[in-house]
Structures are given as structure tokens and as C-alpha cells.
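Each chain, written out:
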Amino acid sequence: MSIDIEHVSFSYGKHQVLRDVNASIPDGVLVNVLGPNGVGKSTLFRCILCLNSDYEGVIRVNGKDLRDLSVRERAREISYIPQTHAPVYNYKVRDVVLMSTGADVGIFGTPGREQVERAEQALERIGIGHLADRMYTHISGGEQQLVLIARALAQNAKTIVMDEPTSALDYGNTVRVLSCVKQLAREGLSIVQSTHQPDQAFLFADKTLVVYDGTVEAYGDPKDVITAELVGRIYGVEVEVNSLYGDKVRVCVPTSEIREE
Ligand SMILES: Nc1ncnc2c1ncn2[C@@H]1O[C@H](COP(=O)(O)OP(=O)(O)OP(=O)(O)O)[C@@H](O)[C@H]1O
């Protein structure tokens, strides 16, 4: 489903981080959020999720202002994979994933067969069924990241926000997870994910949203948005954007590393 962000501004005390941010993310679309460190990507996500609720402006997730919903109702609309996560779950991986299905269970209820199947399917879809009986605290950081992705899937929300979901993953898992996320968007979910790799957007995103200087610097087709000029300006790195496979994909190459002496 969708996310609509209208005239959103947010400050931590006197430090204004977001200024008049506007963007509309329709159904079934995968958006990559780019921007330098500390620019406000996580802050924007926390506003969308209502974890920073005292923002100015309006955010609607699937047509609803999350500020009007209970925590349980919010969980039906949106799931979140945070950037950093202290491994506090001293449970088996299966149970960590199963816990996310709680929005469907009564207050004093226990998960039923449907929730258990959903958790198992999410583990299989992310390719970590073999970890189901391991303790969450005894698996690697990358494996924990995969569990959190399975957990977000099992929650069955219509919208997923992912803050650098592949930052701890090896190359193979990065490709598999991004491909799975793209497929979820094809199945109708709206997904917003931040990344520090502009190249990923060319293969895996429908749109790129660039946050810079507190606001939206650019938003649109990755090929229109990720230009050598933009990458140079926001990251301070000179790149060439090269096209491959008849322009089915593009890559950013830092030219300082390939200049001849
Ligand atoms: N809880 C907080 N209290 C005060 N300032 C904060 C808080 N969280 C973040 N900030 C500041 O807000 C700004 C935006 O931070 P944010 O984490 O949103 O950036 P980001 O774009 O997600 O960065 P990164 O790419 O490094 O993860 C930074 O200057 C940061 O220091």
C-alpha cells in the first residue's frame, strides 16, 4: 500500500533535521532512500513509523495517520527493520519471528497454526529455515539481520520500512535479500529502504528518494536521479555513471581510482 508525506519537518530540540519533506510512495513500489551520513534518513523513517510523533506536517500510511492508531493497529499497517538492533531477544529464532505475528492474536491469546505457518514461510523465504531452532543471541550479526527481515515479513503488514537492511550481509545474501524485497513490491507491498550504495537502486528500486540538506533533493526513476553530478554534489566523490547491458543497468565508478598517472 502507500505512504504519503506532506510538508514534514522535524527537530531534535533546537536541531532541525527535516524541513518541508514531501513524497508520495504508491502501492507496489520499492523506493531506495539515499543521502550522506547524518542527513536524516532514519529520522524520516522514525517519523513515518510514528516513533518520532511530534513532527510538523502530515504522514499517511495506507491512507491512515498512524498517530490516530493503537500500537496493534499500526503493526497491521507497517513493519520496520531498524538500522541497529541490540540483540535483546533471548529466544529461538523461530519465536523471534513468531512474535511479530502478534497483531493478529488476541491480547491473552497464543499464536495459532496460521501464525506459526506464516513464521515458517518467512524463514524459508529468506533462506534461513535452518536457523529456526538456534538461539537468536548465538547467531552472527548478518544472520540476525536476516531474522529481522523474516520477522518483518511474518508481520504481514502492507508497508515495510527498512533502514539499511543489507548493511551486515555478505554479497550473496545482499543480492538474494534485495531480489526478494523487489518481488514483495511486485506482489503489492510498498517498501522504503535506505542504502549507501547508489548502484543498488539501478537493479533493485523503482524509485530513488534523495535526502540532502534536510529535505528532498530529488525523487524519481533511479536513472534520472542518480547522475554523476548528484553523486559528486551530495557525497563529494567524483564518479562516472556507466551503462551496461543496453542500459538495463548502470554502475557508479569513482574516477579518482582509475585516472592514469
Ligand atoms: N535521538 C537523537 N537526538 C538528537 N539528535 C539526533 C538523534 N538521532 C539523530 N540525531 C541527529 O539527527 C541527524 C540525522 O540523523 P539520522 O540518524 O536521521 O541520519 P541518517 O541519514 O540516518 O544517517 P546514517 O546514514 O549515518 O545512518 C544527525 O545530525 C544526528 O546526529
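Below or above, wherever it landed, is the structure these notes cover. Keep in mind it's a predicted model, so treat the numbers as computed, not measured. (Residues numbered from 1 in each chain as written. Predicted model: local features only at pLDDT ≥ 70, side-chain atom pairs only at ≥ 80, totals over all residues.)

## Focus: the overall build of the chain
At step 1: Across its full length, the chain carries nine helices and eleven strands.
At step 2: Against the globule reference of 18 Å for 261 residues, the chain gives a C-alpha radius of gyration of 19 Å, in line with a compact fold.
At step 3: The dimensions of the chain, computed from C-alpha atoms along their principal axes, are 65 × 40 × 30 Å.
At step 4: Burial status across the chain gives 37% buried among its 261 residues.
At step 5: Across the chain, every contact between residues at least 6 apart in sequence was considered, and the portion connecting residues at least 24 apart equals 62%. (Helix = DSSP H or I, 4+ residues; strand = E, 2+ residues; numbered from the N terminus. Rg over C-alpha atoms; globule rule 2.2 N^0.38 Å. Buried ≥ 20, exposed ≤ 12 C-beta atoms within 10 Å, placed from the backbone. Contact = placed C-beta atoms within 7 Å.)

## Some points on the site of the ligand
At step 1: Taken together, Y12, H15, V17, G35, N37, G38, V39, G40, K41, S42, T43 and Q83 make up the full set of residues near the ligand.
At step 2: Of the residues forming the shell around the ligand, the biggest block, three residues, is contributed by helix α1 (residues 41–48).
At step 3: The class makeup of the residues in the shell around the ligand is three nonpolar, eight polar and one charged. (Near = placed C-beta within 6 Å. Nonpolar A, V, L, I, M, F, W, Y, C, P; charged D, E, K, R; others polar.)

## Observations concerning unusual backbone geometry
At step 1: Within the chain, C50 stands out as a residue other than glycine whose phi angle is a positive 75°.
At step 2: Assignment of secondary structure puts C50 in the loop between α1 and β4 (56–61).
At step 3: The class of C50 is partly exposed, set by 19 C-beta atoms lying within 10 Å.
At step 4: Notably, D247 is not glycine yet its phi reads approximately 65°, a positive angle.
At step 5: If you trace the backbone, D247 turns up in the loop between β10 (239–244) and β11 (249–254).
At step 6: Take D247: there are 10 C-beta atoms within 10 Å of it, and that puts it in the exposed class.

## Quick notes on the sheet that holds strand β6 (residues 159–162)
In a beta sheet, neighbouring strands pair by backbone hydrogen bonds and run either parallel or antiparallel.
At step 1: With mixed pairing, six strands are arranged side by side in an open sheet as β5-β6-β7-β3-β8-β9. Edge positions in the open sheet fall to β5 (78–81) and β9 (215–220), since each of these has one partner strand only. Going across the sheet, the axis of each strand differs from the next one's by a mean of 15°, ignoring polarity.
At step 2: Sheet analysis places strand β3 (residues 30–34) next to strand β8 (residues 207–212), joined by four bridges and oriented parallel. (Pairing = 2+ DSSP bridges. Axes fitted to C-alpha atoms, helices over the stretch in contact; angles between N-to-C directions.)

## Things to note about the sheet that holds β4
At step 1: Overall, antiparallel pairing links the three strands, which are arranged β2-β1-β4 in an open sheet. Strand pairing shows two members of the sheet lacking a second neighbour, β2 (15–25) and β4, which therefore form its edges. Pairs of neighbouring strands in the sheet enclose a mean axial angle of 25°, with direction left out of account.
At step 2: Bridging between strand β1 (residues 3–12) and β2 involves seven bridges; their strand directions are antiparallel. Residue pairing across strands places V8 opposite V21, the latter belonging to β2.

## Some details on the pairing of β9
At step 1: Inspection of the sheet shows β8 paired to β9 by five bridges, in the antiparallel sense. Counterpart to L209 in the pairing with β9 is Y219.
At step 2: Hairpin geometry of β8 and β9 is characterised by an intervening segment of two residues between the two adjacent antiparallel strands and by a positive phi of about 55° at D213.

## So, the packing of helix α4 (residues 113–125) against helix α5 (residues 141–154)
At step 1: Running from amino to carboxyl end, α4 crosses α5 at an angle of 135°, the nearest separation of the two axes being 8 Å. It follows that α4 is oblique to α5 by the angle criterion. For the pair α4 and α5, the sense of crossing is right-handed. In this structure, α4 contributes R118, A119, A122, L123 and R125 to the contact, and α5 contributes A150, L153 and A154.
At step 2: Residue composition of the contact of α4 with α5, by class: six nonpolar, no polar and two charged. (Parallel < 35°, antiparallel > 145°, perpendicular 65-115°, else oblique. Left-handed = near helix turned anticlockwise from the far one by under 90°.)

## As for the nonpolar core
At step 1: With 66 residues, the main nonpolar core has I48, V97, V147, A150 and V161 as its most contacted residues.
At step 2: Ranked by the residues each element gives to this core, the list is headed by α5, at eight residues. (Core = buried A, V, L, I, M, F, W, Y, C linked by C-beta atoms within 7 Å.)

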